[in-house]
Amino acid sequence: MVFDHVTIRVSDLVRSRGFYELALGQPTYDGEFIEWSGFSILAGPNVAHRLHVGFGVPDRDAVDAWWRRMTDAGFESDGEPGPRPQYGSTYYGAFVLDPDGNSIEAMHHESSVPSGIQHLWLRTRDIDAARAFYETIASVSGIELKYDEPERFLYRFLDDQGSFSFVVGDEPTENVHLAFTAPGRATVDAFYTAAIASGYRDNGAPGERPQYHPGYFAAFVLDPDGHNVEAVFHDLRS
C-alpha cells in the first residue's frame, strides 16, 4: 500500500482553497471535495488541527520560491528555508501555517519525490496506544516500522515512498482521514478484520462506495486518537 489519499476538513473552504492552490497548484479534482493528487480538503465540521504535511518539490530553489510565494501572500511562516540536518544530511525544507494552523512544508532531499505527500507528522497524548494500533494493521497495510523511540515512531511504506510519524504532544492532532491503497478486496477485508478483532472502533465495514466511483471498495476504522483510517481498493473492472 501507499498513501491513497489524506483528507482534512477546514473551517473556511474558500480561504483554505486559496492557500492550497498557491501551495500546490490547480486541483486535480474539484467537486464535493477539492483534491491535489491525493491530498484533499472539504468543509467542516470536525476541522483538522495540529497536523504536519511535507510535500516534495524538485530542488532547493523550489523550496525557497515556495516559501517566498506563500509568505508574500500573507501566510504565516513556520520555519524559513534551510537545511534540517536532524532529518538527514541533504534535507532542505521550509514551513508555512495553513489557515487552520496546520504546518505545511515544501521539502527536498536526495531520495525525495519531487511532488506529492512525502510525510505526515501527528501528535498524540498516548504514544503507546497509537503504536499498538498501527502495529495491528501494519502487516495488512503495506507499512513497516522504521523508527521506534519512547516519544516517537515512524512507519514507512514498503515501496519507500512516503511515511508517517506519531510524536508525543500535550495537544494532539485532530480529525485526519488517512487512506491506504490496497492491492485487492481481500486486503481491505483483512485490514478491517485485524482492527476489529483487536477491539478498535468500526467506522465502516468493507464494501463498495459507488458514490466515489464504481469499484471503490473500502473499509474504515478509528485509531485511538479518533483519526479515520481507511483501506481502499480501486477495482477498475467494475
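First, a word on scope: everything that follows refers to the structure included in this document.

So, how was this worked out
Residues numbered from 1 in each chain as written. Predicted model: local features only at pLDDT ≥ 70, side-chain atom pairs only at ≥ 80, totals over all residues. Heavy atoms only, no water. 1 Å grid on protein atoms, 1.4 Å probe; cavity = no way out; pocket = protein on both sides within 12 Å on 5 of 7 lines; lining within 4 Å. Points joined across faces, edges and corners; volume = space filled by probe spheres on them. Nonpolar A, V, L, I, M, F, W, Y, C, P; charged D, E, K, R; others polar. Helix = DSSP H or I, 4+ residues; strand = E, 2+ residues; numbered from the N terminus. Pairing = 2+ DSSP bridges. Contact = heavy atoms within 4.5 Å. Axes fitted to C-alpha atoms, helices over the stretch in contact; angles between N-to-C directions.

This next bit is on empty space enclosed by the protein. Within this structure, the stated rule accounts for 1 cavity of 30 Å³ or more. As for the largest cavity, its lining consists of Leu-122, Tyr-134, Phe-166, Val-176, Leu-178 and His-227. Partitioning the lining of the largest cavity into residue classes produces 5 nonpolar, 1 polar and no charged.

Of note, the amide linkage connecting Gly-44 to Pro-45 takes the cis form, showing an omega dihedral of 20 degrees. Relative to the helices and strands, Pro-45 resides in the loop between strand S4 (39-43) and strand S5 (51-56). Although it is not a glycine, Ser-37 adopts a positive phi angle of roughly 45 degrees. One can find Ser-37 in the loop between strand S3 (34-36) and S4. Phi at Asn-46 takes a positive value of approximately 55 degrees, unusual for a residue other than glycine.

On to the sheet that holds strand S14 (residues 201-208), then. In spatial order, the strands read S2-S3-S4-S1-S13-S16-S15-S14; together these 8 strands make up an open sheet with mixed pairing. In this open sheet, the two strands that pair with only one neighbour each are strand S2 (29-30) and S14. Looking at chain direction, strand S1 (residues 3-10) and S4 are connected through 5 bridges and run parallel. If you follow Arg-9 over to S4, its bridge partner there is Leu-42. Sitting on the sheet, helix H3 (residues 127-138) is in contact with strand S13 (176-181), strand S15 (216-222) and strand S16 (228-234), with an inclination near 15 degrees to S16.

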